[in-house]
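Listed below, chain by chain, are the residues.
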Amino acid sequence: MELDFSILSKFQYALRLGLWTTLKLTVICIVLGCALGFAVGLARTSRNIAVRAVSSAYVEFFRGTPVLVQLFWIFFCLPLMLGVELSNFTSGVVALTLYMGAITSETFRASLKSIGPEQFDACVALGLPRNVQVINVVLPQAVLRAIPTLLSNCVSLFKESALVSAVGMADLMFVGQNISNNTARPVEVLTVVALIYFVIAFPLTRAVSVIEARILRKLAI
Amino acid sequence: MAMSFSLPLVKMQALHKSYADGAIQVLKGIDIEMKPGERVVVIGPSGGGKSTLLRVMMGLEKIDSGSVTFDGKPYISSGVKESKTVIDMSVRRSIGMVFQHYTLFPHLNVLQNLTLAPCKVRGEAKAKAQDRAQTLLERFGLGAKAKAYPAQLSGGQKQRVAIARALMLDPKLMLFDEVTSALDPELVGEVEQVILQLAAQNMPMMIVTHDMWFARNIASRVIFCAGGVVVEDGPPEQVLGSPKEERTKEFIDRVFHINQ
Ligand SMILES: Nc1ncnc2c1ncn2[C@@H]1O[C@H](COP(=O)(O)OP(=O)(O)OP(=O)(O)O)[C@@H](O)[C@H]1O
Ligand SMILES: [Mg+2]
């Protein structure tokens, strides 16, 4: 068979639009998902048993079901239950944020655990109020220790985001699939789509190890 | 005048403390009165409850029963309901503590470690807190380390920073729990010098240490604590030199034997 990559030049614009949707969706869900994940991570260490139960149930549910099922549920069932129409993009953001929140809460929980009890003793001895303890002592240390794993979580989300094509969102994967169907050139088109994902994800995975070494040196852990 | 002179700075009454829901009785009725300007060194065998005593004083542990007053004000008491400990937060703020394992904040540099509490707790202006911090660091021979992170400091330097950090809040009482135990022998001196410096300025303190040379030099009073009670209490010459109690004598002999 003969490969002809030149056909792709015609679809440059469409591919770029798809990539833009993928990136926008990923970045928004990273920001919202990390914030949610930190809050849930804290909630899971709470002394209140109800708070612990609810947050654990959420995490276990989202970790224990396929992302694709979660996506379908939020795209098709949530609007029925709420009685409101959600745009494709909003549904995608909700679904992937909930997924990301569950994943990163585990990352934050581990990093919160690694902060020794003597740090809390120091906070008490210095009379730091609870909110200062969380914002100035716990959060920065938890984030620093979590950064390498969080970056991996972000790369995973970026790749998992391709699933939204299954519910009709025009992301990079969706556009690629359409072009490949219309041109009957799946090898060229899907190879290029895979390469685009790889070119973005690979430097990030490499960055993880570099950043990890730096943070470990700084915190001497 | 005579009245305020006799007023104790700290008054512990019948302090009881246990861990694991009463399974491990650690403090079994501690009564200690400490006058202003006194430097009390607490010695005793491992597991005798010395750290627990200081942690209770810092408000880090609940108590089972008993009470502590500070400067004439109620500070710690066991509440009406069992397992409730009432701690007066404003009193707690006038007590500082340094721990065995330098508990500096690893993500903040030395200057930020020192200014965090004054700025956040007392609302002090950042520039003013930094000025005070720099002065304090210079006094402790750490002037050049203001921008360093804890991981870049030696154990002795870290411990001096920890002392400076506690002093930033102008405590009326300092608690030191084996602050030189984790240090290499050659770094012990620099930390003890800083504490001796504070002693020369009449800072009231309670010190737990296994270093008998330091105990002799810093103490205005020595308390031997074992099995959760005060066994002997007196001037350093007495308790360290010619103890009255048999248990104290045994302990002192053993420790001096190890130290030599
Ligand atoms: N958080 C805790 N939970 C349960 N038991 C504890 C706890 N902290 C201390 N203990 C126990 O209480 C007893 C007294 O401990 P503490 O640390 O006060 O002794 P110490 O006199 O400071 O000893 P050392 O000289 O070894 O530091 C020990 O038997 C210890 O095992
Ligand atoms: Mg101890």
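Residues numbered from 1 in each chain as written. Chains lettered and ligands numbered in written order. Predicted model: local features only at pLDDT ≥ 70, side-chain atom pairs only at ≥ 80, totals over all residues. Heavy atoms only, no water.

1. What about the overall build of chain B?
What counts is decided by this rule: Segments assigned H or I by DSSP are reported as helices when at least four residues long, segments assigned E as strands when at least two residues long, and all are numbered from the N terminus. Two things to know: the radius of gyration comes from C-alpha atoms, and the globule rule equals 2.2 Å times the number of residues to the power 0.38. Each residue is placed in one exposure class: buried if its accessible area under a 1.4 Å probe, protein chains only, is under 20% of its type's maximum, exposed if it is over 50%, and partly exposed if it falls in between. In this analysis, two residues are considered to be in contact whenever any of their non-hydrogen atoms come within 4.5 Å of each other. Each accessible area value is a Shrake-Rupley result obtained with a 1.4 Å probe; residue values ignore everything except the protein chains displayed when judging cover. As used throughout, the charge tally considers Lys and Arg to be positive and Asp and Glu to be negative, leaving His and the chain termini uncounted. For this purpose, a charge sits on NZ of Lys, CZ of Arg, CG of Asp or CD of Glu.
From N to C terminus, chain B includes 10 helices and 11 strands. What you see for chain B is a C-alpha radius of gyration of 19 Å, in line with the 18 Å of a compact globule of 260 residues. Considered along the principal axes of its C-alpha atoms, chain B spans approximately 50 × 50 × 45 Å. A burial count over chain B gives 53% of its 260 residues as buried. For chain B, the proportion of contacts with a sequence separation of at least 24, taken over those separated by at least 6, is 62%. As presented, chain B carries roughly 11700 Å² of accessible surface, and 51% of it is formed by carbon and sulfur atoms. A gap of 8 Å separates the mean positions of the 31 positive and 27 negative side-chain charges of chain B.

2. What to know about the site of ligand 1
Residues and elements named next belong to chain B. Heads up, the rule is: If a single non-hydrogen atom of a residue is within 4 Å of a molecule or strand, that residue counts as near it. Throughout this description, a polar contact denotes any pair of N or O atoms lying within 3.5 Å of each other; where both atoms belong to protein, one of them has to be capable of donating a hydrogen while the other can accept it, and for residues adjacent in sequence the pair is counted only when both atoms sit in side chains. Here the term charged refers only to Asp, Glu, Lys and Arg, the term nonpolar to Ala, Val, Leu, Ile, Met, Phe, Trp, Tyr, Cys and Pro, and the term polar to all other amino acids, Gly among them.
The immediate surroundings of ligand 1 are formed by 13 residues, with Ser46, Gly47, Lys50, Ser51 and Thr52 found nearest. Between histidine 210 and ligand 1, the recorded distance is 3.5 Å, taken from a side-chain N or O atom to an oxygen atom. Sorting the residues of the shell around ligand 1 by element identifies β2 (24–34) and α2 (50–57) as the ones contributing at least two each. Ranked by residues supplied to the shell around ligand 1, first place goes to α2 with 3 residues. Grouping the amino acids of the shell around ligand 1 by side-chain chemistry returns 4 nonpolar, 7 polar and 2 charged.

3. Side note on the nonpolar core
All names here are of chain B. The line we're drawing: What makes a nonpolar core is a set of buried Ala, Val, Leu, Ile, Met, Phe, Trp, Tyr and Cys residues whose side-chain atoms join them at distances within 4.5 Å.
Of all hydrophobic cores here, the largest spans 50 residues; its most connected members are Ile43, Ile163, Phe176, Ile195 and Met205. No other element matches helix α7 (residues 185–200), which puts 7 residues into this core. Among residues more than four places away in sequence, those in contact with methionine 205 are Met34, Glu38, Arg39, Val40, Leu173, Met174, Phe176, Ile195, Leu198, Ala199 and Ile218. Counting residues in hydrophobic clusters, the runner-up holds 35 residues, among them Ile32, Val40, Phe99 and Leu175.

4. Quick notes on the UniProt feature "domain: ABC transmembrane type-1" (unreviewed entry) in chain A
Test applied: UniProt positions are given in the numbering used here, feature names are shortened, and annotations may be inferred rather than shown by experiment.
Mapped onto the present numbering, the UniProt feature "domain: ABC transmembrane type-1" (unreviewed entry) falls at residues 19–208 of chain A. Here residues 19–208 of chain A is 83% helix and 0% strand, with 23 Å between the C-alpha atoms at its ends.

5. Re the interface of chain B and chain A
What counts here: Buried area, as used here, totals the accessible surface that two parts lose on assembly, with accessibility defined by a 1.4 Å probe and the loss added over both. The term salt bridge refers to a pairing of a side-chain nitrogen on Lys or Arg with a carboxyl oxygen on Asp or Glu at a separation within 4 Å.
Every contact between the two is made by 21 residues of chain B and, on the other side, 22 residues of chain A. Carbon and sulfur atoms make up 71% of the area that chain B and chain A hide from each other, which totals about 1800 Å². Three residues stand out in chain B for area buried against chain A, namely Phe105, Pro106 and His107 of chain B, and they jointly supply 30% of the buried area on that side. Where chain B packs against chain A, one counts 1 salt bridge. On inspection of chain B and its partner chain A, the count reaches 3 residue pairs in polar contact (both at pLDDT 80 or more). Looking at side-chain class alone, the side of chain B that touches chain A contains 14 nonpolar, 3 polar and 4 charged residues.

6. Here we look at unusual backbone geometry
Of note, alanine 184 of chain A is a non-glycine position whose phi angle comes to about 55 degrees, a positive value. Turning to its location among the elements, alanine 184 of chain A is positioned in the loop between α7 (172–183) and α8 (186–219). Given the relative accessible area of 60%, alanine 184 of chain A is considered exposed. Notably, alanine 14 of chain B is not glycine yet its phi reads approximately 45 degrees, a positive angle. On the secondary structure map, alanine 14 of chain B appears in strand β1 (residues 10–19). Taking relative accessible area as the criterion, alanine 14 of chain B reaches 35% and is therefore assigned partly exposed.

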